[in-house]
Structure formats: structure tokens, C-alpha cells
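One letter stands for each residue in the lines below.
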Amino acid sequence: MTIDMDFVESQFPALAGRRYIYLDNAGGSLVLRGVADRVRDYLLTSSVQHGATYSKSREAGEKLYAAQEAVARLINARRPDEVIMGPSTTALLRILATALGETMAPGDEIIVSQAEHEANYGAWERLERKGVKIVEWPVEPGTLRLNPQTLAGLMSPRSKLVCCTHASNIMGTINPVREFADIAHAYGAKICVDAVAYAPHRLIDVQASDADYYAFSFYKVYGPHHAVLYGRYDDLVALPNQNHFFIEPTRVPYKFQPGNVNYELSYGCAAINDYLVELARRDVKAPASERDCLAAAFGMIARQEERICKRLLDYLETVPDVTIHGETSANAHVRVPTISFTVKDRDSADIVTQMDRHNIGIRYGDFYARRLIDSLGLRQRNGVVRVSMVHYNTLAEVDRLIDHLDPIIARNAAIHA
Ligand SMILES: Cc1ncc(COP(=O)(O)O)c(C=O)c1O
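Not measured: the values here are computed from a predicted model.

Re the domain arrangement of the chain
Part 1 of the argument: Segmentation of the chain into domains returns domain 1 (5-31 + 291-416) and domain 2 (35-272).
Part 2 of the argument: Computed from C-alpha atoms alone, the centre-to-centre distance between domain 1 and domain 2 is 27 Å.
Part 3 of the argument: Each side of the interface is counted separately: domain 1 has 32 residues, and domain 2 has 32 residues.
Part 4 of the argument: Going through the elements one at a time, α11 (290-318), β10 (338-343) and α13 (370-375) are the ones with two or more residues in the side of domain 1 that touches domain 2.
Part 5 of the argument: Of the residues forming the side of domain 1 that touches domain 2, the biggest block, seven residues, is contributed by α11.

Structural notes on the nonpolar core
Part 1 of the argument: In this structure, Val162, Ala215, Val228, Ile272 and Ala297 are the most contacted members of the largest nonpolar core, which totals 136 residues.
Part 2 of the argument: The leading source of residues in this core is α11, at 12 residues.
Part 3 of the argument: If sequence neighbours within four positions are ignored, valine 162 has contacts with Ile111, Leu151, Phe180, Ala184, Ala189 and Ile191.

Observations regarding the site of the ligand
Part 1 of the argument: The local shell around the ligand consists of Ser88, Thr89, Thr90, His117, Ala119, Thr165, Asn169, Asp194, Val196, Ala197, Ser217 and Ala227.
Part 2 of the argument: Residue classes in the shell around the ligand are distributed as four nonpolar, seven polar and one charged.

Let's talk about the packing of helix α3 (residues 55-75) against helix α10 (residues 263-281)
Part 1 of the argument: As a packed pair, α3 and α10 sit with axes 8 Å apart at the nearest point and diverge in direction by 45 degrees. When the axis of α3 is compared with that of α10, the two are oblique. Along this stretch, α3 crosses α10, giving a crossing that reads as left-handed. On α10, the residues touching Ala60, Lys63, Leu64, Ala66, Ala67, Gln68, Ala70, Val71, Arg73 and Leu74 of α3 are Tyr263, Ser266, Tyr267, Cys269, Ala270, Ile272 and Asn273.
Part 2 of the argument: For the contact of α3 with α10, a count of residues per class yields 12 nonpolar, three polar and two charged.

Conventions used here
- Residues numbered from 1 in each chain as written.
- Predicted model: local features only at pLDDT ≥ 70, side-chain atom pairs only at ≥ 80, totals over all residues.
- Domains from an automatic or database assignment.
- Contact = placed C-beta atoms within 7 Å.
- Helix = DSSP H or I, 4+ residues; strand = E, 2+ residues; numbered from the N terminus.
- Core = buried A, V, L, I, M, F, W, Y, C linked by C-beta atoms within 7 Å.
- Buried ≥ 20, exposed ≤ 12 C-beta atoms within 10 Å, placed from the backbone.
- Near = placed C-beta within 6 Å.
- Nonpolar A, V, L, I, M, F, W, Y, C, P; charged D, E, K, R; others polar.
- Axes fitted to C-alpha atoms, helices over the stretch in contact; angles between N-to-C directions.
- Parallel < 35°, antiparallel > 145°, perpendicular 65-115°, else oblique.
- Left-handed = near helix turned anticlockwise from the far one by under 90°.

Written out as C-alpha cells, the structure reads:
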């Protein structure tokens, strides 16, 4: 079934009237009404400190645990304590890097893809101070894909960790992380996946991907500024404690959540599952189990994304001076609808800011994937123009973007003719 856009619109208050076109979703998505309601509800009914014996404290703790269970189901973790929550992916990966760093020795190697957002690069690069070597895994020239064979060629008995994105926040390319995980594991290394640019678009299955560590941020997945890091229970127990010295090593995820995790935002995140299940149930043939509904909802999302992505890519391909960075196919197996491009001899900022007055929010820059943008020689041109869509965007919105973009970028072709 195609997506029920009336239902979708009813769940995102910011879409009311479609007065603004939100196309910076890879920066941050709109928030579900259900998320905001749960945050409010928690704050107004359950705002007590957890861990005490009195009933209100126990009830509040149970609410938090139920939210942790919901996140575990969303990502298909084996158990809720494999879910570490924190303020951001950047902060969670720093904590993970500190913990893993304590287990590494000088000469150990970490392979990091060139396509990373700095969150999954800089945290590891800091370990160079203790003699760990960073080996950069370059993207393929032209396609900008991460090639598994290149990864295999970089692996050695010294390799301890591979770091890569599940989807690029610049190109939108979906990476075959299971294949990457198999290569890493064949060398006895672990793999740490940044799924921030993937999570809003496709169903996550940490078991199927066989990732050892997997992180993303809820503010890109229709939720609040909050994030999750997954790790296998046994691995988390074995890693050094990052909390107070008296926190037992078996207390996962608490040993990786120094201070209080944000209760109300964690609680709010459970509404993301509710939304996806409800979306699937708009179809009379919706499956019964929550997991199957999540899969069905992401199927609808992928189809809607492919339609709007194709419309924009088809247009951009007609403009002679435009270079699309990454996949030119809209195939939902190949990419998510995060599209970056540059226009010959043009500053990306100049193109983007001309959209502002039309109430269209797109964005330019390096999007903190600075190493990639530098390798493409695009820093001087203010990086790329990025149009990042999600399922609540429509063909009509893409057409309006094209209408306003066309005089600016197609005129470029005329100037250079
Ligand atoms: C691919 C990717 N990874 C990581 C991050 C960092 O996420 P956070 O802001 O939660 O640290 C971002 C943020 O834009 C991102 O796009």
C-alpha cells in the first residue's frame, strides 16, 4: 500500500498547512506529536529520581525501562540492556572510544572510512595519542562508494576496529554493512557503524547487520535530541567501566551512562515505534506483530522516498552544470533521499540562500564530513548543496523546489553556453 499521507501529516504538527518545505531532514527531522506528548507526560507526572524504594520512583524507573525495551525492539537488539542512551551520537561514540581505547595497545589499528561524519572519525583519531594507528579507507573515485575489497586489502592482524557509516550523510549511499562486518570479523576485528543518516529511512536490524557497535540520533528519526548506542551484552560487560568506580562491570548500560540519562527524552522516544506501527496499520493487510509492522512501515517509507528522490534526481540530471555527488539512481536499496550536488563555478551557499525567501529549507556545507568534502576539493565552494528528504515530503514539495531552483541553476548553464 502507498503511504497514508493524511495520517502522516496528522502526526507532525509542523506540517500543518504545508506552509514551509522542510528539506534539511538529515540535519534534523520534524518531531512527532506522540514524542512531544510523552515528554510532557513524563515531566508532569513522573519527574522523580529513579532508584529509590518509594512507589513513584519505582514507577518512573519502569517507564524508562519500557522505553529502553521499545528502542531495543526498534533496532532488534537481543535484550534491552544492549541499549545505551545518551545526549548525542558524538558523545556516545566518544564514550565508546574511551572504553575501547583502554583495551588497545600501541600498534593496534583502526580502519576509518573517509565518508564519516566526524563523530565516527575524531573519536578514534584521539587514540593516536596512545600509539593506535588510524588507517583511512578511501571512497572509490567517481562513485564515492566504499568498496568491500578495498577494506579487505586494508585489514591485517593488527586491525582491531572498522568504523563506517550505514548511509552517507552527504551522498545518501547505503553501505553493505553486513559485508563489511563479515570482513572485519574474519580478521578478529569489531565494527562500529554510524547509522545516523540511515535510521530515519530503513528498518534497523542490529542482529542481521552483525554490527558490534551501532549508533544513531533520535532527532533525525522524528524524535528529540537524544541518541542510542547498541553493543552486544557480552562485549559491553567486558569493556572497562566509564561510570563511577563503584558501578559494577555487569551494570549495562549504566556503566556507559555517566550521570543521569535524560529520563523524559528516553521516555518520549518510544512514540517512534507507536507511529511506525500505526502507519503500517493504515493498511488493511497490516501484519500482526510489532516487528512485522515496523518492517511494513519502512517499506511504505522506502517507496515514498524513492518517488520523491527520483523526481529530484531526474531533474538534476537534466541540468548540464550540475554534478550529483554519489548515486544517480533513486533505487531505495541503493540510497536514501539525501541528495548532494554542486553547480559548476558556483558557490553552494549562494544557491541555498536564494531558497530561503521561498520558505524552502535546504542547506550547504560539509555537514561535518569535512574529510570527504576536502578530498573532493569542495571546501572553497562552501561544500555541497544538500537536499535531504524523508517520507513526509511530497512530490508537490519537490516540484516547488525545482521551480525555484531552476532559474538559478539552469541560468548557470545559459551563462556558460
Ligand atoms: C552521519 C552523522 N553521524 C553523526 C552525527 C552526529 O550526531 P549527533 O549530533 O547526535 O552527535 C550526524 C549529525 O549530523 C550525522 O549526520
